[in-house]
Amino acid sequence: MSAQIIDGKQQAQILNQKTKEELQKIEKEHGFTPCLAVVLVGEDPASQVYVRNKVRTAGEIGIKSLEFVLPADTKQEDLEAKVKELSKDESVDGILVQLPLPKHLNQDAVIEKIDPLKDVDGLTEKSAGKLSLGKIGLRACTPSGSVILAKSALGDDLTGLNVVIIGRSILVGKPAALLFLEENCTVTIAHSKTKNLEEICKNADILVAAVGRPLMVKGDWVKKGACVIDVGINRVENNAVDAKSKTKLVGDVDFESAKEIAGQITPVPGGVGPMTIACLMQNTIIAAKLRRNLV
Ligand code: NDP
């Protein structure tokens, strides 16, 4: 029997509706509208699409948004100055710097200029520290979305489940591991130096693939009935006879073979992607409340 497809768009809509209600409550009770500032450097087409989707979703929810598009050759000091200015701006609640930045820029230094109270991507040292200490703070969006999708498929209580995360990046793998740990899961983090990766994956009740390698995880790596969360977004050639476009998006999981073994699986696109944006919107509201001590 084929796996249940976890509908990331539907789950994102549910979360966006909750965020909208929370925003309307803030407007009514506290008289302000939360505001998200998005900074894009350069003209990378994928980043442009991500930024457009984020700004559009903010608009649909009613969150104010400010968009700053800087040229690809922006200097480090100019980008840092922009981020510092937004950090000081009282009317801005959340700051998102779209990653990756052009190669000549020092990403970490830019991120550290974000006021941690406005760090809606959960990437500053302070946000990462709070996550590892289990303190209230802003959590990274893609990992948060992955946990929500797993819960939508398996129920709210993930206690005791074996989670294997392939990938140990600051953006996805590491924070995802800590978030599943907060859910009382037993977490294994795999990476490019991991031995017997397939065997380790076969042990997972929840398998999270965050690698950036198209279709790497095959169906026979998946335990029967496991929940598969595919974070990967890879653009590959589209060889289908009736293809309307020369390229298409695929995940890190070979969806066709994995869906025959898994119990539940996220598609790409339409899985973790929409949830990432929904979590960003939720974080903007959380940031607006945290900064004003309304939490
Ligand atoms: P990174 O390149 O930063 O990290 C990739 C990780 O995968 C590394 O930890 C690396 O190990 C590991 N890895 C690489 N090759 C192998 C291998 N052969 N076997 C096991 N592990 C391997 O990527 P990100 O974490 O930023 O992103 C991962 C994927 O998620 C990408 O496809 C990205 O586009 C997507 N993504 C999707 C988002 C969404 O909204 N859906 C948001 C963010 C990212 P090592 O550390 O040893 O090098």
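Residues numbered from 1 in each chain as written. Predicted model: local features only at pLDDT ≥ 70, side-chain atom pairs only at ≥ 80, totals over all residues. Heavy atoms only, no water.

Caption draft 1: Fine view of the site of the ligand. In the vicinity of the ligand lie 22 residues, with Arg168, Ser169, Ser192, Arg213 and Thr276 positioned nearest. A distance of 2.5 Å is found between an oxygen atom of the ligand and a side-chain nitrogen or oxygen belonging to Ser169. In terms of residue count, helix H10 (residues 272-291) provides more of the shell around the ligand than any other element does, three residues in total. Residue composition of the shell around the ligand, grouped by class: ten nonpolar, ten polar and two charged. (Near = heavy atom within 4 Å. Polar contact = N/O pair within 3.5 Å; in protein donor to acceptor, adjacent residues only side chain to side chain. Helix = DSSP H or I, 4+ residues; strand = E, 2+ residues; numbered from the N terminus. Nonpolar A, V, L, I, M, F, W, Y, C, P; charged D, E, K, R; others polar.)

Caption draft 2: The nonpolar core, seen in detail. The biggest cluster of nonpolar side chains holds 48 residues, and the ones touching the most others in it are Leu36, Ile63, Phe180, Ile206, Val208, Ile229 and Met281. Sorting elements by how many residues they give to this core places H10 first, with ten residues. When neighbours within four sequence positions are excluded, Ile229 is seen to be in contact with Ile6, Ser146, Leu149, Ala150, Ile206, Leu207, Val208, Ala209, Thr266 and Val272. (Core = buried A, V, L, I, M, F, W, Y, C linked by side-chain atoms within 4.5 Å. Buried < 20%, exposed > 50% of the residue type's maximum accessible area, 1.4 Å probe, protein only. Contact = heavy atoms within 4.5 Å.)

Caption draft 3: Region of the structure containing the pairing of strand S7 (residues 206-209). Residue alternation in S7 divides its side chains into two sets, Ile206 and Val208 and Leu207 and Ala209, and both sets are buried. Relative to S7, strand S5 (residues 162-166) runs parallel, the two being bridged by four bridges. Counterpart to Ile166 in the pairing with S7 is Ala209. (Pairing = 2+ DSSP bridges.)

Caption draft 4: Highlighting the sheet that holds S7. Pairing in this open sheet of six strands is parallel, and the strands run S1-S11-S8-S7-S5-S6 from one edge to the other. Each edge of the open sheet carries a strand with a single partner, namely strand S1 (4-5) and strand S6 (186-190). Packing against the sheet, helix H6 (residues 141-154) makes contact with S7, strand S8 (227-230) and strand S11 (264-265), and its axis sits at approximately 155° to S8. (Axes fitted to C-alpha atoms, helices over the stretch in contact; angles between N-to-C directions.)

Caption draft 5: Structural context of the layout of surface pockets. Space inside the second largest pocket adds up to approximately 520 Å³. As for the second largest pocket, its lining consists of 21 residues, and the residues nearest its centre are Arg139, Ser144, Ile148, Gln282 and Ile286. Of all the secondary structure elements, the ones that give two or more residues to the lining of the second largest pocket are helix H1 (8-30), H6, helix H7 (173-182) and H10. A total of six residues in the lining of the second largest pocket trace back to one element, the largest contributor, which is H10. A class-by-class count of the residues in the lining of the second largest pocket yields ten nonpolar, five polar and six charged. (1 Å grid on protein atoms, 1.4 Å probe; cavity = no way out; pocket = protein on both sides within 12 Å on 5 of 7 lines; lining within 4 Å. Points joined across faces, edges and corners; volume = space filled by probe spheres on them.)

Caption draft 6: Summary view of the side chain of Gln264. For Gln264, the location among the structural elements is in strand S11. Filtering out sequence-adjacent residues up to four positions away, Gln264 remains in contact with Ala3, Gln4, Ile6, Ala153, Leu154, Gly225, Ala226, Cys227 and Val228.

Caption draft 7: Looking closely at the pattern of salt bridges. On inspection of all chains with the given rule, the structure shows 13 salt bridges. The salt bridge partner of Glu60 is Arg56, with a shortest N-O separation of 3.4 Å. Remark: Arg56 and Glu60 occur in helix H2 (residues 45-61); sequence separation between them is four residues, near one turn of the helix. Using a relative accessible area of 48% as the deciding quantity, one classes Arg56 as partly exposed. Here Arg139 makes a salt bridge to Glu182, at a shortest N to O gap of 3.1 Å. Taken together, the positions of Arg139 in the loop between helix H5 (125-133) and H6 and Glu182 in helix H7 put the pair 43 residues apart, joining distant regions of the chain. A relative accessible area of 15% places Arg139 in the buried class. Since its relative accessible area comes to 39%, Glu182 is described here as partly exposed. (Salt bridge = Lys/Arg side-chain N within 4 Å of Asp/Glu carboxyl O.)

Caption draft 8: Local environment of the environment of Phe32. Position of Phe32 among the secondary structure elements: in the loop between H1 and strand S2 (35-41). Residues Phe32 and Ala288, spaced 256 residues apart in sequence, show a C-alpha to C-alpha distance of 9.6 Å. Dropping the residues within four chain positions of it, Phe32 is found in contact with Ile26, Glu27, Asp93, Ala288, Arg292 and Leu294.

Caption draft 9: Seen up close, H2. Counted at 1.5 Å a residue, the expected span for H2 with its 17 residues is 24 Å, and the 25 Å between its end C-alpha atoms agrees. Those residues of H2 that are buried are in contact with H1, S2, strand S3 (64-70), strand S4 (94-97) and H10. Among the residues trailing H2, Gly62 stands out with phi positive, at a value near 110°. (Expected span 1.5 Å × (residues − 1).)

Caption draft 10: Quick look at the environment of Val187. Topologically, Val187 is positioned in strand S6. Given the relative accessible area of 24%, Val187 is considered partly exposed. When the C-alpha atoms of Val187 and Val163 are compared, they prove to be 4.8 Å apart, with 24 residues separating the residues in sequence. Among residues more than four places away in sequence, those in contact with Val187 are Val163, Ile165, Ala177, Phe180 and Leu181.

Caption draft 11: Fine view of the sheet that holds S3. An order of S3-S2-S4 is seen for the three strands of this open sheet, with the pairing classed as parallel. Edge positions in the sheet fall to S3 and S4, since each of these pairs with one other strand and no more. The sheet shows a mean angle of 15° between the axes of neighbouring strands, direction not considered. Note that S2 and S4 share four bridges and pair parallel.

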